[in-house]
Each structure stands twice: as structure tokens, then as C-alpha cells.
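These are the residues of each chain, in order.
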Amino acid sequence: MSTIPTAFTDHGPQRHRDTEFPGFRLCGSVSLWPVAVAVVAVLLASSADAQTEFMLRGFADVGSTTFAADDSFTAVLGRARGAVFGGGVEAVFPQRLFVNLRASRFRDTGQRVFLFGGERFGLGIPTTITITPLELLGGYRFDYGWRVVPYGGAGIGWHLYEETSQFAQGSENVRERLQGYQILGGAEIRIARWLGAAVEGQWATVPDALGDDANGVSKELQESNLGGATFRVKVVVGR
Amino acid sequence: MLHFHARPFRWPAVVVLAWLGAGGAQQAQLLPSRPQLLSESAPPAIDRGLRDLDPPRDPRTDDVEPVVDGEPFLRGSLIVKFRPGTSADAQRALLAQVDGAAARPLSYADFDIVSIDADADPESVARRLDAEPDVAYAQARYRVHPRFVPNDPLYARQWNYPAIDMERAWDINPGATPAVTVAVLDSGVAFRPGIVRYTARAVALARNRPVLPPLGSVEVPFAAAPDLGGADRFVSPRDFILDTTIPFDLDGHGTHVAGTLGQLTNNGVGAAGMAFNVRIMPVKVIASTWDLIFGSPQMGTDDIVARGIRYAADNGAQVLNLSIGRTGPPAPVIREAIAYAVSRGAFVAVAAGNGFENGNRVERLAEFAPQIEGMVGVGGIGRDRRRAFYSNTGPQVEIVAPGGNARVGGTEGAILQQTFDFDLVETYLRGPAQYRAPRFDSFAYQFLQGTSMATPHVAGFAALLMQQGITSPAAIEAVMKRYATDLGASGRDDEYGHGLINPRASLRGLGLAK
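Residues numbered from 1 in each chain as written. Chains lettered and ligands numbered in written order. Predicted model: local features only at pLDDT ≥ 70, side-chain atom pairs only at ≥ 80, totals over all residues. Heavy atoms only, no water.

So, on to the pattern of salt bridges. Under the defined criterion, the tally for this structure stands at 34 salt bridges over all chains. Across the salt bridge formed by Arg364 of chain B and Glu367 of chain B, the nearest N and O atoms sit 3.0 Å from each other. Assessed through its relative accessible area of 17%, Arg364 of chain B is described here as buried. In the salt-bridge network here, residues are joined through shared partners; they are Asp61, Arg102, Glu135, Glu200, Arg232 and Lys234 of chain A. (Salt bridge = Lys/Arg side-chain N within 4 Å of Asp/Glu carboxyl O. Buried < 20%, exposed > 50% of the residue type's maximum accessible area, 1.4 Å probe, protein only.)

What follows is about helix H8 (residues 332–343) of chain B. All names here are of chain B. Taking 1.5 Å of rise per residue, the 12 residues of H8 would be expected to cover 16 Å, and the 16 Å separating its terminal C-alpha atoms lies within 8% of that figure. Buried within H8 are the following residues: Val333, Ile334, Ala337, Ile338, Ala341 and Val342. Phi turns positive one or two residues past the end of H8, at Gly345, with a value near 95°. (Helix = DSSP H or I, 4+ residues; strand = E, 2+ residues; numbered from the N terminus. Expected span 1.5 Å × (residues − 1).)

Right, let's get into the packing of aromatic side chains. Taken as a whole and judged by the stated rule, the model has 27 aromatic pairs over all chains. Their ring planes at 55° and their centres at 5.4 Å tell us that Tyr161 of chain B and Trp170 of chain B sit as a pair that is tilted. Classification of Tyr161 of chain B as buried rests on a relative accessible area of 0%. On the accessibility criterion, Trp170 of chain B (7% relative accessible area) is buried. The side chain of Lys234 of chain A reaches across the aromatic face of Phe59 of chain A, ending 4.2 Å from its centre. Here the basic side chain of Arg238 of chain B rests over the ring of Phe240 of chain B, its NZ or CZ set 4.6 Å away from the ring centre. (Phe/Tyr/Trp six-rings, centres within 6.5 Å; stacked < 30°, edge-to-face > 60°. Lys NZ or Arg CZ within 6 Å of the ring centre and 35° of its normal.)

All names here are of chain B. As summarised here, the arrangement of the four strands in space is E5-E6-E4-E7, forming an open sheet in which the pairing is antiparallel. The open sheet is flanked by strand E5 (101–102) and strand E7 (135–142), the only strands paired with a single partner. Bridge analysis of E5 against strand E6 (residues 112–115) gives two bridges, and the strand direction is antiparallel. Note that in E6 the partner of Ala101 across the bridge is Ser115. Packing of helix H7 (residues 302–314) onto the sheet brings it into contact with strand E4 (73–82), E6 and E7, and relative to E7 it is tilted by some 110°. Here H8 sits on the sheet and contacts E4 and E7; the angle it forms with E7, its principal contact strand, is near 110°. (Pairing = 2+ DSSP bridges. Contact = heavy atoms within 4.5 Å. Axes fitted to C-alpha atoms, helices over the stretch in contact; angles between N-to-C directions.)

Dropping the structure here:
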């Protein structure tokens, strides 16, 4: 506990790292709220100039998506979440508005299954699910000169859904373009003049994407939305 | 009155065995005689090739089966199961009411065979006992009968596999593996060589037909069917007719059925089979004509079949093929045995019967199918994908498979598979002058038809599903029904059940979206 007041009063980078560590160490025995407040205070502390001119930046990210159709993904892939890699470009306007175009990719391999009486029987036939969203998103950056810039936005996405399995012939594989919508929120921190990092959470909905084919578990499980929640970390290159 | 369902035999309506010693006039009960295994080896099997010029054989039904004394059941004994907790004294008292007595305990049975007066009507005695509160069931000992229609050079004549898209199914699962064992409960299987000495008695194949002379002591050669594989193909063989571990096939029905189930495939020889890598458990529960002529102690009654089913389940069979059946009164002893096998994780395929043109009577083995998840009743279709003329209809038909129909396409409209050269087996059909001891070491590719032939398609299909990962019998039944190709009236119907089996779609199962 003795380290927490220090965190409130010291904004230096080195001290910042010091305060993070004790916070984790206190888990389970002491409330983390003071630590969180301290971290927010540090991050919001003004240490950078607010954005005043147009910026064009690039970014790359890695994250984890938990699919809304969790039972279907669990049946075929063995889990309802998986890694997503992406990247894109972002334009930031002086009015604190931003627009970004992001492409990402989820890819995982499971197996075809049969479901009966609450049991799942794996059939050993490899099935690869690939989802490639292309998302156009606009939003607002709360850039008031804080060290950390929160932001939020919403947008539209075009999702290329591909499902291929061994022994499939002709139209038995799937390649469909689907439309969805998403909202996101995050916070970005400037690490260097040309380098920033961000964490963000996104919720997407891709309605009526699944569940219309008798040979899909999604129909059996009455799940039709290909969307889900994604948390990711992002590296931003550009001013 | 157990009938062989599948193989279209030209058997007379009634086979009567009579002892010459009784002047040929007295139709006596069979007295058992014991064969003697003279040699465990024999000359190589003879392959007499394709028999596609033979006229079509009729499917077997109760009406064309050998029926000793014209009765479908055995006299002098009953099948009885007492309820748990019934004391031995109470059992004796109950049996005393019908002049009965318990026999020694049986292996692979949770019931008793009770002896009764040989002159008593087993049906009425069974009804009396069945009404007692301490009796779970009592029934007469009814006979059961068989039912019948890659680069293997004869594959081109096996229309039955393309009809169910097997080539693409084999792409996914090439014939399962030896990890799956399928029991063939039938007339035996030509699974090994040997020379056996039998005593052939005088016999009349039917009333009003000449009595065939006694052949006396005969040495009969056996060989393994060349296209079924070597000795390591077979596991836990058992003969409940002779109570041995050598279930020689003295008929050809079981060997043909085993071929459709698991004939070696893509070996450049002969024909193909559904699940060509599985192990086969030959369990003999059916007595053929030669078994009867040779005085077998058992006849393939309900109790024998029930014990065979329990034996197969207890010895590791994951799939049971019963290309057998009978009409007549219900067979609770078999129902319980099948339920037991399913509870042990075995899937059971049963022929739906060949008696459509003979009154379409209820098939007493297949009739349980709608009530037991993990057991299916199998009807037969021809190459025109329509119900074969013989195939029974009714609620017991849950699925259909190619059983052949010689009325559509002649002989080649039936199901081709390797079995015995019937010319050297069915000598009893040629009259006394040409009547001689059979040979079971000479093989040919024969076209047979019947629900007996359809059933091993389903049993083999079940073996593929087991290998693919669907290990629950109930789930296997569910996947078969789900992916069946609907035929006839839309949805489930009494002619085709849920439709024609679709192995490829079933083996693929479900993806995420498609």
C-alpha cells in the first residue's frame, strides 16, 4: 500500500513502471481501484500537444475475437475465440474526427462434427474457417492533450467468410461476402514521435450470416450472427 | 419358423426330416449328432468365378424356408425369464403348474430354457406362464431365418455401391479399420479351412417329395472365402448351433452377407465390400438345410439368436448384422438381447423382411427397431431406387439400402458377392439321383436379393461411422436417418422409412456454416 501514494504523485516513466508492478502484486489481497485510478491519472496527465493538423497513419494490430455464435464455433473449432491479425490506415482530422480502413483476418482449423443428444462427435475431417473483415470506421478522438487519447467510433464492415474442408467438392466449400456493423472504443498512447500504441475493444454484428444450411452446426444450434467481441492491441505508425 | 431373409432360394415350402429307421413315415424330432473336425487344413479354395447366367433367385421368406415338422417353433421347451427376486422355490412351483422343469443355466443368456411336455402346445403354455406376475416373459422357441440381393474386376457389376455414392464415401473413410469389429449373426461364414466328418441322415425336403437317402458318414471340405481375407480378419468366431468355436457356413447366406459387409476391396480380385478393413466376428445362429440333414443339436431359434447377440456384444462387436428374421408371435427374448447389445455400445442392423408379397406380416426381429435407438430395420431397394418387390413395409422400416430386385434388370439386378458355388451345395434340390455330400470349398460370385443383402450395407455403413468418430449407437441411427435420401412419400414412410442411406453425406457431417 505504501507505493500507491507515490503513484499519485509521480508521473515519470520510470515511476510509472514501478506503480504497475506493485499493483499486480497486490491482486487478491488489496483492491485494485486505487491502482487503476493512479494509472488513469498518469495516462491522462498532459504531456503531449493536442492534435491540430491532419494526420495519415498506418497501424497493425493483434487481438482476440470471441464469436457471438459461440456454440457453433466451439463445436467445430473446439473454442469460441481465436486470434485476429489486422492492419490498416487511418486519417485523423483536426476536428478530432478520424476515419480508418482496416483489414483483418481470423483463421483456424477444426473438424466437421455430428451433434446428437447434447454430445459432439468429431469426425476427423479438417475444416478451416477463415474470416477476413474489411471495416470502414469513423469516430471521435478525445484528444485534449492528454498522454492517452481515448476514442470511440462505429462503422460498416464487409466480411469475407470462407469455410473449406477436406473432401469437399464443388459448392460444398463456402465463400461468402457478408455485411455487418461494428462499434469500438479504445485508448491510444504516444510512445514516440512517430509511434503510438493502443488498446481497443470492438463489438461487431454480422446478422443472418450463418444458420441457413442444413449441413451447418449453426443451423442446428440456431446461431446466425458471425459477429463478436474483439479486444486487441495496436501499434500506430505516423504522427 | 425363422426364415432366411435375403437369399432367393428355390427352397420348397416345407422341409420335413424323417428317419428312415422309422420307415420314412414318422416325422420325428431331430436327434442331434456331432460332427467331427478331421483336419484344420484343406486343399485351397476353388474359385468358380461369376455366375451371372443363373436365373434370379427368390428372396427368402418364412414360406420358403425349411421348417421341420411344418412348425415354426420347437416343441418340448420354452424360453422363460423370471422377474428378479423370484425365488427358486417359486420358480419351481410356477413351472410345476405347466409340468415344466428348468434346464441348466445357459451362457450369454439372462433367461432360462424350460422343458415342458413334448405334446404340449408351447404357445399356450407360454401364455399361461406369461400371465404370472413373477414371469417377465415366456415364449415359444421360434426359429429365425436369414433374409436376402475400385479395381475389383467385378466391381462394375456392383451397381449397389454407386447407388449409395460409396465411391465418394470411401474417399472419406476407406473401409474403416480393424479397430472396428462387426458381428455377422447368420448361417456362419466361410472363414477358415477344414475337413469335417458329418453323418447325413435320410431326409425329405418337403411333404409329398421323395425322401433323400441317408448319405451316412461324409467328409466335407471347407475353405475360407478367398475374397474375405485371411485368418486375422476374423475374431471370436462362435457357433451356437453346434456350440463350438468353428461357425462353418453350411449354406452360403452368411458368407454372402459377410462379403457385402467387408469383402476385400481394391485388391484386384473379385468384388468389393462396404467396410473392407473391419474385423468380422462370425456368429452362427441359423441352421441351414445341411445343418438339419447333419442333425445339428440346435436350430436357430429365438433363444439361440438372443444368446448370439449377447455373445457378440460381450466379445467386443461394435456393430451387429442380423440379416435374419421371422414372423409369428413376438420375440421378447430377442428384444431384450438387442437392447442389451445397444446398451453395451453396439449398433444393430436388422433385415425388415422379404414377405411383402406373402401377406407383409410383422417381422418380429425388426419390429423393435422403432423403439430402440441404436437399432435400425432395413428395407431393400432395386437398382431403380424403388422398393424391391419382396421388401416388407411397415413401421419397422427405418431406412433402406440396396437389396436387389431381379424383376428390374434380371439376375444382375440383384447383389453380387462371393459365396459358395451353389451347384455343389444345394445337391438336395436335384433329387435323390444327384444327391451327394456338399462341398464348401468351392466359391463363385452369386447374385442374391433380399433385405438380407440390404442389411450389411447398413452394418458396413455403421462401421464406417464408428471409425469416423460416431461411437454411440443412437447417434449412428440418428445420423443415418438425418442424411438419408428421401424416397417415396415425402418424409418418413412405411415403404422406405427415412430413405436411402447416404454414407458420404453422413460421414462428412456438419461444418460451421455448411
